[in-house]
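Chain and residue survey
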Amino acid sequence: MTNTIFVRQLKTMLTWLGIRNFTIGKRQIFQILLSLVVIMTVNASRCDADDESCVQEITDRPIIVVGSGLAGLSASIEAYNAGANVVLVEKEPRVGGNSAKATSGINGAASKYQKNAEIDDSVGTFKKDTLSSGDGLCVESLVDLLANNSASAIDWVSSFGVELSNIVFMGGHSQQRTHREPARPDGKPSPVGFNIVSALRKHAESLVGDKFAIKTGTKVERVITTKAGEDIVASGVQVSDSDGNREELIGTIVLATGGYGNDHTDSSLLQEFKPEVANLPTTNGPFATGEGVKMGRAIGAQLMHMDKVQIHPTGFIEVTDPNSASKFLAPEALRGSGGILLNSEGKRFTNELGRRDDVTAAIFAQKTTLKGVDNSPSVAYMLLNEDMCDKFGQPNLGFYKFKKLVRPVESLKDLAEEMGADVETLKETLSNYGKDADPFGKKVIPYTFNADSDKLWVAVITPAIHYTMGGLSINTQANIMADGSNRPIKGLYGAGEVTAGVHGGNRLGGNSLLECVVFGRIAGKSAATYTQDTLASARELDEPTE
Ligand SMILES: Cc1cc2nc3c(=O)[nH]c(=O)nc-3n(C[C@H](O)[C@H](O)[C@H](O)COP(=O)(O)OP(=O)(O)OC[C@H]3O[C@@H](n4cnc5c(N)ncnc54)[C@H](O)[C@@H]3O)c2cc1C
């Protein structure tokens, strides 16, 4: 490697460290030595001597997006659109994360689909609902971004070919604003999260080439940092593949690693911050172990709201394995389409479309358990008629029927017996539903029941860990904040469930997919701008001086 190349790398590295003033003091000497170590490590692991392409790799620093759920995909695509090189790193063999499991929908206020359906919604109402759901803990500037960009997020997602014209009510919303795909004419299910992820994944795959790479089966183990004065500067990550081979990637980082809703590792964040719920079942995939939060904490990032864990009221109970630790989610859209919840007496006990934490607390308070099951979890019975099934989408329901999670009710007598209820009480509950003002304050009753003639469907549900509101603190550029200094960590961005602040103490259904798109896009653009600015400074320094 020639001296010129070496000096250029050193200057670039110094710039990345935030050092533009070359007055040499003890601290600068230390920083230069540190830079040399990083350069030598990079070159030793990745470059042959005199290899110009190696310099190219360093000076054309990529944006390293960690995690390929909706936040990571959105960040990658936007970073690429902003002219950056992108490496999307995913530890699982497949992209998608929990985003691909989402089944209810994505929120948008004053969207084109709402306008077409003549739904009178506004950004202000949406913001109010989100803040009120968050129990005063939401970071308002982030909620502003979420609400102001929600309609454009819906447009952006639909620009990849995802039709989001089926709009439903979800708990805690004052308007229909959760967008999902309509039932497909061919009768096949169209799960909204899977479809959105697939559309973005296909687009990302079409970009793969010199400037865009997707590395699956590659786990990020730690973030590499240096100090520049008061600042922490993130300059790359260490990754390992499934054979345990390690490599360092140098670049600007976007953490999009999702939450810790299934963290039962030795360093479990659930045990550390919310031990009382740690043993509940979960709807999350096995990858949701909070690695981004842990890596951030290890380099001095600020954590927020770590004890705020959302328990979804309705995880499906599988008759064959009622105590399983992993649950299929009974999507909130089932209740949004009209489904009601009953206790063992055959009575309703809550506003089914109340906030998730309220519905969960109400289920636990009923103390309804499964007859004949040892250590039965707290359960409730969800009832739907055909109109409600149609509204939810028969093809989507087909999966749950196939899995016997949603079963036909042979007769009210049989159902009452299964529940341990009196059949007349059950009939009365169905007949009275929606007749007068709702005793639990439910405002939206899409359909009522006819106890004598309705074909009914039942599902047994139990509360399950679903979402972790806690995570890394970010600013409005999606820059991850350092703990205790009110300064962003240079070169480190975050989006999606790994971050905290948007949802405060309790997330509104449909707001997570939206957060992934809005803040994923912001993180991608911010990371690209940071990279371009830093490289521009490096090039300035690289100009020959007189
Ligand atoms: C069953 C279910 C249904 C849901 N339904 C809805 C819904 O209808 N609407 C809604 O708004 N929200 C819903 N949510 C919540 C929402 O889906 C998630 O919160 C959101 O998708 C998280 O997206 P993300 O991109 O932040 O993380 P994820 O989609 O979870 O992606 C994170 C990715 O990072 C990878 N990763 C983690 N650590 C590393 C590492 N060290 N190195 C490399 N890769 C790593 C993971 O493998 C994963 O693929 C649902 C959640 C579940 C579980």
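Located above this text is the structure these notes cover.
Computed from a predicted model, the values in this text were never measured in an experiment.

Glancing now at the packing of aromatic side chains. Per the stated rule, a full pass over the model turns up eight aromatic pairs. Measuring from centroid to centroid gives 5.6 Å for Phe-328 and Phe-399, while their planes differ by 75°, and the two rings are edge-to-face. Of the two residues, Phe-328 sits in the loop between β12 (309-316) and α12 (332-336) while Phe-399 sits in helix α15 (residues 394-402), which places them 71 residues apart along the sequence. Among the residues examined, Phe-328 registers a relative accessible area of 32% and is labelled partly exposed. According to the relative accessible area criterion, Phe-399 is partly exposed, its value standing at 34%. Seen from their ring centres, Tyr-433 and Phe-449 are 5.8 Å apart, and the 50° between their planes marks the pair as tilted. One end of the pair, Tyr-433, is in the loop between α17 (423-432) and β16 (456-468); the other, Phe-449, is in the loop between α17 and β16, with 16 residues separating them in the sequence. Each member of the pair Tyr-433 and Phe-449 is classed as buried. By way of ring pairs, the aromatic residues Phe-316, Phe-328, Phe-392, Phe-399 and Tyr-400 are connected into one cluster. Cation over ring: Arg-180 sits above Phe-392, and NZ or CZ is 4.8 Å from the ring centre.

Soluble globular proteins: nonpolar side chains tend toward being buried together. Core analysis: the biggest nonpolar cluster contains 87 residues, and Ile-106, Ile-489 and Phe-519 have the highest contact counts within it. Looking at which element gives the most residues to this core, the answer is helix α18 (residues 511-542), with eleven residues. Every residue in contact with Ile-106, bar those within four places of it in the chain, is listed here: Ile-154, Val-157, Leu-164, Arg-177, Thr-178, His-179, Ile-196, Gly-510, Leu-513, Leu-514 and Val-517. Membership of the second largest hydrophobic core comes to 44 residues, among which are Phe-349, Val-359, Phe-392 and Leu-430.

Looking now at the pairing of strand β8 (residues 231-241). Across the eleven residues of β8, ten count as buried, placing the element largely inside the fold. Relative to β8, strand β7 (residues 218-228) runs antiparallel, the two sharing ten bridges. Each residue of the ladder has a partner; that of Val-223, found in β8, is Val-237. Linkage of β7 to β8, two consecutive antiparallel strands, is achieved through a turn of two residues, within which Gly-229 is found at a positive phi near 60°. Bridging between β8 and strand β9 (residues 246-250) involves five bridges; their strand directions are antiparallel. Looking across to β9, one finds that Gly-236 is bridged to Ile-250. Connecting β8 to the antiparallel partner β9 that follows it, the hairpin turn spans four residues, and Gly-244 within it adopts a positive phi of roughly 85°.

Helix α9 (residues 192-207) packs onto helix α4 (residues 70-81) with a crossing angle of 35° between their chain directions and a minimal axis gap of 10 Å. As α4 packs across α9, the resulting crossing turns out to be left-handed. Seen from α4, the contacting residues are Leu-70, Leu-73, Ser-74, Ile-77 and Tyr-80; seen from α9, they are Ile-196, Val-197, Leu-200, Arg-201, His-203, Ala-204 and Leu-207. For the contact of α4 with α9, a count of residues per class yields nine nonpolar, two polar and one charged.

What counts and what doesn't
Residues numbered from 1 in each chain as written. Predicted model: local features only at pLDDT ≥ 70, side-chain atom pairs only at ≥ 80, totals over all residues. Heavy atoms only, no water. Phe/Tyr/Trp six-rings, centres within 6.5 Å; stacked < 30°, edge-to-face > 60°. Helix = DSSP H or I, 4+ residues; strand = E, 2+ residues; numbered from the N terminus. Buried < 20%, exposed > 50% of the residue type's maximum accessible area, 1.4 Å probe, protein only. Lys NZ or Arg CZ within 6 Å of the ring centre and 35° of its normal. Core = buried A, V, L, I, M, F, W, Y, C linked by side-chain atoms within 4.5 Å. Contact = heavy atoms within 4.5 Å. Pairing = 2+ DSSP bridges. Axes fitted to C-alpha atoms, helices over the stretch in contact; angles between N-to-C directions. Left-handed = near helix turned anticlockwise from the far one by under 90°. Nonpolar A, V, L, I, M, F, W, Y, C, P; charged D, E, K, R; others polar.

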